[in-house]
Amino acid sequence: APPITVRSLSEAIGMKVGELSKRLVKETNKLYAVNSPVEFEVAELIAIEKGITLKLKERETAESKVLDKYKKRAEEMDPALAVTRPPIVTIMGHVDHGKTTLLDKIRQEYGIKSDVVSTEAGGITQVIRAWQVEKDGNHVTFLDTPGHEAFTKMRARGAKVTDIVVIVVAATDGVMPQTEEAISHAKAADVDIIVAINKIDMPNANVDKTRRQLYQLELLPDNMGGDVPFVETSATTGQGISELLEQVLLVAELADPPLKADPQHPGSGTCLEAYQDSDEGVKATLIVQQGTLHKGDILLCGSTFGRVRAMYNDMGVQIDEAGPSTPVKVTGLDEVPDADDPFYVVEDLSTAREIAEVRKSSRQRSALSSFTPISLDTFNAAK
Ligand code: GTP
Ligand code: MG
């Protein structure tokens, strides 16, 4: 595929070249001429702000053919074997409106307890930004996303991980800019939305005003002809937390298409985050979306590969297998994958290595070609 240039991107997303150039400088700290190639990831981020999803035309290479097989396999499901999987939930909202406190409270009250002592190296359970809770025998997976950007990027890549977004709005503040942003992202990603009006224990909480502001953004509860559950919560006292989980389970039950996966499938899903550990090598947090991931499986994850050497659950306990909607931390990949990289279990190490190598080299090439810095003069001349 021809590279994306400033000009072609400008035409594709309907943003003036001048405005786009300024935006690019802000994003990358580099100057671009009209015909400069724009790195795909930068282009997709800018496009997404305009509500446009860019798709890379994949080259018809041996790589994509082999990969297609795994992608298809990940999508296929034997309806007879498919079982209901836990919903995957992300909490979003304006800064300080109580996302972290709410997540902590949910985990405190409904986190799955384990008698097994953490077996993670050093005995310290590292914070995994994804974990499961249990209410009345039903599991819910929560993702503690670093912010809107990750969500935007995920959406741009079509890697839909979240089933339900909980929009947290503090009743003390009402709807704020990031609340609106979160709502538009959730709507664009076509996920189910639940509203948590938080901080209702505060004397200056104004629940009615907050509700009205949300109605104006077309988030309507069922008694107003909408389908968005509203729950009033206090992350500090715990009020409304149980109702919030009940609503999550209700929305999950009614999800269309149903939240199902086939645990007998080879595992596939998305990398949530990864880093290099000085003792154990690469550690990657993955969320299994289809099938079951086993210790010993051969993984292809973005342009990295390896055999799952050890696998830990969200309590740092070693496990041998992880089914749909389960977040796990694995070791064994050769390099640090990117957050949002999809992963697939593949048949043999040589296939995994081959695809990973092709991807690595094509990534290096595109990184080189997109970052040819140009002088300010050329930039001005181009305008
Ligand atoms: P960022 O991660 O910075 O975007 O903020 P956040 O949305 O995670 O908010 P956080 O949970 O850090 O809460 C911000 C402050 O509000 C903290 O001091 C919390 O203790 C407080 N807070 C959160 N929820 C409630 C609540 O329901 N009631 C009261 N009284 N305080 C709350
Ligand atoms: Mg926080």
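Residues numbered from 1 in each chain as written. Chains lettered and ligands numbered in written order. Predicted model: local features only at pLDDT ≥ 70, side-chain atom pairs only at ≥ 80, totals over all residues. Heavy atoms only, no water.

Asks: Describe the overall build of the chain, with residues and values.
Replies: Broken down by element type, the chain carries 11 helices and 16 strands. When each of the 383 residues of the chain is scored for burial, the buried share is 50%. In the chain, the proportion of contacts linking residues at least 24 apart, taken out of those at least 6 apart, comes to 75%. (Helix = DSSP H or I, 4+ residues; strand = E, 2+ residues; numbered from the N terminus. Buried < 20%, exposed > 50% of the residue type's maximum accessible area, 1.4 Å probe, protein only. Contact = heavy atoms within 4.5 Å.)

Asks: For the side chain of Lys-105, give the residues involved together with the corresponding values.
Replies: Note on placement: Lys-105 falls in helix H5 (residues 99-110). For the buried Lys-105, no salt bridge is present, and the opposite-charge side chain at shortest range is Glu-109, 4.1 Å distant. Contacts of Lys-105, omitting those with residues within four sequence positions, involve Ala-235, Thr-236, Thr-237, Gly-238 and Ile-241. (Lys, Arg positive; Asp, Glu negative; His and termini not counted. Salt bridge = Lys/Arg side-chain N within 4 Å of Asp/Glu carboxyl O.)

Asks: Please give an account of a negative patch on the surface that cites residues and values.
Replies: A cluster of like negative charges, contributed by Asp-190, Asp-192, Asp-222 and Asp-227, occupies part of the molecular surface. Its relative accessible area of 63% is what places Asp-222 among the exposed residues. (Patch = residues over 30% accessible without salt bridge, like charges linked within 9 Å, V, L, I, M, F, W, Y side chains within 5 Å. Areas by Shrake-Rupley, 256 points an atom, 1.4 Å probe, with all protein chains shown as cover. Charge placed at Lys NZ, Arg CZ, Asp CG, Glu CD.)

Asks: Now, about the site of ligand 1: what can you tell me, with residues and values included?
Replies: The environment of ligand 1 is formed by 15 residues, the closest being Lys-99, Thr-100, Thr-101, Asp-201 and Ala-235. In this structure, Lys-199 approaches ligand 1 through a side-chain N or O atom, which is 3.0 Å from an oxygen atom. In isolation ligand 1 offers 650 Å² of accessible surface; the protein chains occlude 68% of this area. Considering every element that reaches the shell around ligand 1, the biggest residue donor is H5, with 3 residues. Across the shell around ligand 1, the residue classes break down as 3 nonpolar, 8 polar and 4 charged. (Near = heavy atom within 4 Å. Polar contact = N/O pair within 3.5 Å; in protein donor to acceptor, adjacent residues only side chain to side chain. Nonpolar A, V, L, I, M, F, W, Y, C, P; charged D, E, K, R; others polar.)

Asks: How would you explain the packing of helix H1 (residues 6-13) against helix H2 (residues 17-28) if you had to name every residue and give the values?
Replies: One can describe the packing of H1 onto H2 by two numbers: an axis separation of 10 Å at closest approach and a directional angle of 110°. As judged from the angle between their axes, H1 and H2 are roughly perpendicular. For the crossing formed where H1 meets H2, the hand is right-handed. Contacts between H1 and H2 involve Val-6, Leu-9, Ser-10 and Ile-13 from the former and Val-17, Leu-20, Ser-21 and Leu-24 from the latter. (Axes fitted to C-alpha atoms, helices over the stretch in contact; angles between N-to-C directions. Parallel < 35°, antiparallel > 145°, perpendicular 65-115°, else oblique. Left-handed = near helix turned anticlockwise from the far one by under 90°.)

Asks: Outline the sheet that holds strand E4 (residues 138-143), listing residues and values.
Replies: By way of backbone hydrogen bonds, the strands of a sheet pair with one another, either parallel or antiparallel. With respect to topology, 6 strands assemble into an open sheet ordered E3-E4-E2-E5-E6-E7, the strand pairing being mixed. Two strands in the sheet have a free side with no partner beyond their single neighbour: strand E3 (130-135) and strand E7 (230-232). Strand-to-strand twist in this sheet, taken as the mean axis angle between neighbours without regard to direction, amounts to 30°. Bridge analysis of strand E6 (residues 192-198) against E7 gives 3 bridges, and the strand direction is parallel. Residue pairing across strands places Val-195 opposite Phe-230, the latter belonging to E7. Against the sheet, H5 touches strand E2 (88-93), E3, E4, strand E5 (164-170) and E6, its axis set at about 50° to E3. (Pairing = 2+ DSSP bridges.)

Asks: Give me the confidence of the model for the chain: which residues, what numbers.
Replies: As a general rule, the predicted coordinates of low-pLDDT regions are not to be interpreted in detail. Summarising the model, the chain shows a mean pLDDT of 84, and 83% of its residues fall at 70 or more. Below a pLDDT of 50 lies the segment residues 120-126, which in the model reaches 17 contacts outside its immediate sequence neighbourhood of four places, other chains included. With pTM at 0.78, the complex prediction returns an ipTM value of 0.99. (pLDDT = per-residue confidence, 0-100.)

Asks: Tell me about the environment of Ile-298, residues and numbers included.
Replies: Here Ile-298 is to be found in strand E12 (residues 298-301). With residues near it in sequence (within four places) discarded, Ile-298 still touches Gly-306, Arg-307, Tyr-344, Val-345, Val-346, Glu-347, Asp-348, Leu-349 and Ala-352.

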